[in-house]
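Architecture at a glance
One-letter residues, chain by chain:
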Amino acid sequence: MSKVAVLKTKPETVVEDYGRLMELSEFENTLPKTKETIIKLNLSWSLYFPACSTEPWQLEGVLSKLVDAGYRNIHAVENRTVVTNPRKGARLNRWEPILSNFGLDFKPLTDVEWVSYKPRGELLALDKIFGDTYTIPKMFLDKNVVHLPTQKTHGHTTITGALKNAFGGLITSRRHHCHKMIHEILVDLLMIQKEIHPGIFAAVDGTVAGDGAGPRAMHPKVENFILASEDQVAVDAVSAKMMGFEPLDIPFIKIAHDRGLGVGDVDQLDLVGEDISRVNYKFKTKKSIVISGDQLFRRGALRFLEPLIFHTPLFFFCIWASEIFHDYVWYPTEGKKRIKEFKQTEWGKLFQKY
């Protein structure tokens, strides 16, 4: 039976609580110490915004436990998208000083070798997007992977978590083309992870969770929870349930569950730690203007324009428009108001200490 650990936490004890969380989820049974370990960070925005990207205390807590448990040869990585810069993100999200304290370097996946990979299992969608030219980072082969997503909504996938975090590691910056079949793509990526990684683990931060038009233009809500599991489907299902969604109504969870890649039915899970039977954040997924526009041209009434919009130099205008909207319109106006409110919370004060 798949196990998911959930704990309540607070800023004063969060680093130690991550260690306790990982013990409850029996991470050492999942991640062989004889293998190198990839820490797959989550960068949804180069700028810092609460609940958007891997939190510094999340990174510190997981690294502390891994090192204390005797894991060596740990590599912290993240990719870029058409609208994010991994080195800028590592600095502004306060990952750099933590990695430095552990003697680790940050490796943008744009700087590593990518190699062709032919999945052994049956694909649902990747081959329809990339044909026979699918590539993955060579450094991922035969290494453990630990995902560090946050608990938040997402306009493309209802919620985002462990499965979606692989999206940023196993696909190049052209992964925006996958939005048309995003749920099937996430299931394909989980299958590939099971082929290439000896151990897979996720520690999800819900200390401050994101409600609304995720993964960026959200309302940060203090919830004080952290979750972990070796079953990526299960931890996403529990996260979805806590946020107020029915997990098996979310296509990527249902498809992965039906294909035997994990357990998406919360009633079939071994939940340890906190009693979450009455937890319901009552989150609602909304869509930003950028995601709404993307879906309009990929799957909506204007889908006949998809080849022109996304497969010609016109796409650079879309990138520019997204960056202008998020970084120079929404963030300085509405975003900074929400960050100001967040800074008054205990989690906001902790972030500033990093």
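Remember, it's a predicted structure, so these values are computed and weren't measured experimentally.

All right, on to the packing of helix H1 (residues 14–24) against helix H3 (residues 56–68) then. Their axes nearest at 8 Å, the elements H1 and H3 cross at an angle of 55 degrees. Accordingly, the angle class assigned to the pair H1 and H3 is oblique. The crossing of H1 and H3 is right-handed. On H3, the residues touching Val14, Val15, Tyr18, Gly19, Met22 and Glu23 of H1 are Trp57, Gln58, Glu60, Gly61, Val62, Ser64, Lys65 and Leu66.

Here we take up the environment of Phe102. Note that Phe102 resides in the loop between helix H5 (96–101) and strand E4 (106–108). Accessibility expressed as a relative area gives 27% for Phe102, which makes it partly exposed. Distance in space between the C-alpha atoms of Phe102 and Glu60 is 9.1 Å, their sequence separation being 42 residues. Once residues lying within four places of it in the same chain are set aside, the contact partners of Phe102 are Glu60, Leu63, Ser64 and Val67.

For any pair of aromatic rings, the description consists of the separation of the ring centres together with the inter-plane angle of the planes. Considering all chains together, one arrives at 14 aromatic pairs under this definition. Consider the rings of Trp45 and Phe49, whose centres lie 6.1 Å apart with planes at 40 degrees: the pair is tilted. Phe49 gets classed as buried once you look at its relative accessible area, which sits at 0%. Arranged with centres 6.5 Å apart and planes meeting at 45 degrees, the rings of Trp57 and Tyr354 form a pair that is tilted. With Trp57 in helix H3 and Tyr354 in the segment after helix H14 (346–353), the pair connects residues that are 297 residues apart, well separated along the chain. These aromatic residues form a ring-pair network of at least three members: Trp45, Phe49, Trp330 and Tyr331. A cation sits over an aromatic face here: Lys8 above Phe225, 4.5 Å from the ring centre.

Turning to its location among the elements, Ala125 is positioned in the loop between strand E5 (114–116) and helix H6 (126–130). Placed 56 residues apart in sequence, Ala125 and Met181 show a C-alpha to C-alpha distance of 6.6 Å. Here Ala125 is in contact with Met181, Glu184, Ile185 and Asp188, once residues within four sequence places are set aside.

Of all the six residues making up strand E1 (residues 3–8), five are buried; the element is thus mostly covered by neighbouring parts of the structure. In this sheet, strand E12 (residues 270–273) lies alongside E1 in parallel orientation, the contact comprising four bridges. Following the sheet pairing, Val4 is matched in E12 by Leu271. One ladder, built from four bridges, connects E1 with strand E11 (residues 217–229); its direction is antiparallel. When the bridges of E11 are listed, Val6 appears paired with Leu227.

Between its terminal C-alpha atoms H3 stretches 18 Å, which fits the 18 Å expected from 13 residues at 1.5 Å a residue. For H3, the complete set of buried residues consists of Pro56, Trp57, Gln58, Leu59, Gly61, Val62, Leu63, Ser64, Lys65 and Leu66. Positive backbone phi, approximately 100 degrees, marks Gly70, located one or two places after H3.

With that settled, the discussion passes to unusual backbone geometry. Outside of glycine, negative phi angles account for most residues, and trans bonds account for most peptide bonds. That bond from Gly214 to Pro215 is cis: its omega, 15 degrees, falls within 30 degrees of zero. Positive phi, close to 55 degrees, is recorded for Asn73, a residue that is not glycine. Looking at where Asn73 falls in the secondary structure, it is placed in the loop between H3 and strand E3 (74–78). Although it is not a glycine, Asn224 sits at a positive phi angle of roughly 70 degrees.

Turning next to the pattern of salt bridges. Tallying each qualifying case throughout the model produces 13 salt bridges. Its salt-bridge partner being Lys33, residue Glu28 comes within 2.8 Å of it at the nearest N-O pair. Note that Lys349 is salt-bridged to Glu346, the shortest N-O span being 3.4 Å. Of this pair, Lys349 and Glu346 are both found in helix H14, three residues apart, which corresponds to roughly one turn of the helix. Lys349 sits in the partly exposed class, given a relative accessible area of 40%.

On to the side chain of Ser64, then. Within the secondary structure, Ser64 is located in helix H3. Separated by 2.7 Å, the side chain of Ser64 and the backbone oxygen of Glu60 make a polar contact.

What follows covers helix H13 (residues 315–343). The terminal C-alpha atoms of H13 lie 36 Å apart, and with 29 residues this falls more than 12% below the ideal 42 Å at 1.5 Å per residue. Roughly 65 degrees is the biggest bend found in H13, and it falls at Tyr331, with proline Pro332 one to four residues downstream.

Conventions and cut-offs
- Residues numbered from 1 in each chain as written.
- Predicted model: local features only at pLDDT ≥ 70, side-chain atom pairs only at ≥ 80, totals over all residues.
- Heavy atoms only, no water.
- Axes fitted to C-alpha atoms, helices over the stretch in contact; angles between N-to-C directions.
- Helix = DSSP H or I, 4+ residues; strand = E, 2+ residues; numbered from the N terminus.
- Parallel < 35°, antiparallel > 145°, perpendicular 65-115°, else oblique.
- Left-handed = near helix turned anticlockwise from the far one by under 90°.
- Contact = heavy atoms within 4.5 Å.
- Buried < 20%, exposed > 50% of the residue type's maximum accessible area, 1.4 Å probe, protein only.
- Phe/Tyr/Trp six-rings, centres within 6.5 Å; stacked < 30°, edge-to-face > 60°.
- Lys NZ or Arg CZ within 6 Å of the ring centre and 35° of its normal.
- Pairing = 2+ DSSP bridges.
- Expected span 1.5 Å × (residues − 1).
- Salt bridge = Lys/Arg side-chain N within 4 Å of Asp/Glu carboxyl O.
- Polar contact = N/O pair within 3.5 Å; in protein donor to acceptor, adjacent residues only side chain to side chain.
- Bend = angle between axes of the 7 residues up to and from the residue.

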